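Each chain, written out:
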Amino acid sequence: MESVSLQIPSLPENIRIVESFIENIRDQYQINDDIYGNILVAITEAVNNAIHHGNKCNPKKNVELTMQLLEDAIRFMIHDEGQGFDYQHIPDPLAPENLEKIGGRGIFLMRHLADEVHFQDEGREITMVFYVS
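In what follows, the accompanying structure is described. (Residues numbered from 1 in each chain as written. Predicted model: local features only at pLDDT ≥ 70, side-chain atom pairs only at ≥ 80, totals over all residues. Heavy atoms only, no water.)

1. Points about helix α2 (residues 33–54)
Just so we agree on the cut-off: Here a strand is any run of E in DSSP of at least two residues, a helix any run of H or I of at least four, and the numbering for each starts at the N terminus. To estimate how far a helix should extend, the number of its residues minus one is multiplied by 1.5 Å. Residue burial is assigned from relative accessible area. The probe radius is 1.4 Å, only protein chains are included, and a residue is buried under 20% of its type maximum, exposed over 50%, and partly exposed in between. Polar contacts here mean pairs of N or O atoms no more than 3.5 Å apart (in protein, one a potential hydrogen donor and the other a potential acceptor; neighbouring residues in sequence count only if both atoms are side-chain atoms).
Over its 22 residues, α2 extends 30 Å from the first C-alpha to the last, a length consistent with the 32 Å expected when each residue adds 1.5 Å. Regarding α2, the residues found buried are I35, Y36, I39, A42, I43, T44, A46, V47, N49, A50, I51 and G54. Where α2 begins, one side-chain oxygen reaches toward the backbone nitrogen of D34, 2.6 Å away; that side chain belongs to N32. Immediately beyond the C-terminal end of α2, within one or two residues, lies K56, with a positive phi of roughly 55°.

2. Notes on the nonpolar core
Note the cut-off: Grouping buried Ala, Val, Leu, Ile, Met, Phe, Trp, Tyr and Cys residues that are joined through side-chain atoms within 4.5 Å yields what is termed a nonpolar core. In what follows, residue pairs with any heavy atoms lying within 4.5 Å of each other are defined as contacts.
Within the largest apolar cluster, 31 residues are counted, with the highest numbers of intra-cluster contacts made by I39, I43, V47, F76, I78, M128 and F130. Of all elements in the fold, only β1 (2–9), α1 (15–29), α2, β2 (62–69), β3 (73–79), α3 (106–113) and β5 (125–131) reach the threshold of two or more residues within this core. Here the element with the most residues in this core is α2; it accounts for nine residues. Beyond its immediate stretch of four places on either side in the chain, F130 contacts I35, N38, I39, A42, I43, D72, A73, I74, F76, L113, A114 and D115.

3. Details of the packing of aromatic side chains
Worth spelling out the cut-off: Pairing of aromatic side chains requires ring centres within 6.5 Å, counting the rings of Phe and Tyr and the six-membered ring of Trp. Pairs whose planes differ by under 30 degrees are stacked, by over 60 edge-to-face, and all others tilted. Placement of a charge over a ring requires the Lys NZ or Arg CZ to be within 6 Å of the ring centre, with the centre-to-atom vector within 35 degrees of the ring normal.
Following the criterion strictly, the structure yields two aromatic pairs and no others. Relative to F130, the ring of F76 lies with its centre 6.0 Å away and its plane at 80°, an arrangement referred to as edge-to-face. One end of the pair, F76, is in strand β3; the other, F130, is in strand β5, and 54 residues separate them in sequence. Take F76 and F130: they sit in the same class, and that class is buried. On the numbers, 5.7 Å between centres and 90° between planes, the contact of F85 with F119 is edge-to-face. One end of the pair, F85, is in the loop between β3 and α3; the other, F119, is in strand β4 (residues 116–120), with 34 residues separating them in the sequence. Exposure remark for F85: the relative accessible area of 35% places this residue in the partly exposed category. Its relative accessible area of 13% is what places F119 among the buried residues. R26 extends its terminal NZ or CZ atom over the ring of Y36, reaching a point 4.3 Å from the ring centre.

So far we have only geometry, and geometry alone does not tell us how the molecule works.
Encoded structure:
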């Protein structure tokens, strides 16, 4: 199993580094454009959440992104150094009372774009799997 990791300080502008990392993975492993689009949106959303909500934009705290190439899938793990969160009780962004709220759609997007989404370490780590075969 091939594995590549990236560690970035929790600065919002570092999302560009993550985008380049994912683009390089697409090119290196010849990932289909449809899957690439899902990966790009889901992973950048997860890293953005880790930077803003997990690490509170503290540049002394890092976000680690790891990609593992499996036989028929690509697995991404995003880990932050924050306090974690209650990922089992996330408000439904499609509920009428939440439709006009600005935030709250990131995890919803991740769950719809990735084939598998798992939380670990009290919400400090998210694993997303994208099937490529």
